[in-house]
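# An overview of the molecular structure
The chain contents come next:
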Amino acid sequence: MMDIDVKSKPSQPHWYEHYVQPCVAELLGSALFVFAGCLSVVEDTAVTGKMQPALVHGLAAGVIVAALGDV
């Protein structure tokens, strides 16, 4: 039986994970946040008041942080 000594490389993130992935996550998160915010104020606010846009922005921020927070 042969013993093969394998040396592992130090764990460094790939350039894509280090530079591109955070930028794409930021772009996607910002786009979803703005899109959800714009859609929340399209409806007539006389019925829903000012609570609907505030609630939608809060929920959108929570969902975006939960989905993209580990990036």
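The chain is annotated in an unreviewed UniProt entry as Aquaporin-8 of Cuculus canorus. Quoted straight from UniProt, the Subcellular location (unreviewed entry) entry for the chain says "Membrane".

## Quick look at the overall build of the chain
Looking only at helices and strands, the chain features three helices and zero strands. Mapped in sequence order, the helices and strands of the chain form the string α-α-α. Evaluated residue by residue, the chain yields a buried proportion of 10% over its 71 residues.

## Observations regarding the environment of Gln21
Mapped onto the fold, Gln21 is located in helix 1 (residues 15-40). By relative accessible area, Gln21 is classed as partly exposed at 31%. As for Gln21 and Val71, which are separated by 50 residues in sequence, their C-alpha atoms are 7.2 Å apart. Those residues in contact with Gln21 that sit more than four places away from it in its chain are Tyr16 and Val71.

## Some details on the side chain of Ser40
As for its position among the elements, Ser40 is in helix 1. Excluding anything up to four places from it in sequence, Ser40 contacts Gln52, Pro53, Val56 and His57.

## A closer look at helix 1
Residue pairs spaced three or four apart in an α-helix point in one direction, given the helix's 3.6 residues per turn. For helix 1, which comprises 26 residues, the first-to-last C-alpha distance of 37 Å matches the rise-based estimate of 38 Å (1.5 Å per residue) to within 8%. Taken as a whole, helix 1 carries its principal kink of about 30° at Gln21; the proline Pro22 stands between one and four residues after it. Among all positions of helix 1, only Ala25, Gly29, Gly37 and Ser40 are buried. Next to the buried residues of helix 1 lie helix 3 (51-68).

Reading the values: rules and limits
- Residues numbered from 1 in each chain as written.
- Predicted model: local features only at pLDDT ≥ 70, side-chain atom pairs only at ≥ 80, totals over all residues.
- Heavy atoms only, no water.
- UniProt positions renumbered as here; feature names shortened; annotations may be inferred.
- Helix = DSSP H or I, 4+ residues; strand = E, 2+ residues; numbered from the N terminus.
- Buried < 20%, exposed > 50% of the residue type's maximum accessible area, 1.4 Å probe, protein only.
- Contact = heavy atoms within 4.5 Å.
- Expected span 1.5 Å × (residues − 1).
- Bend = angle between axes of the 7 residues up to and from the residue.

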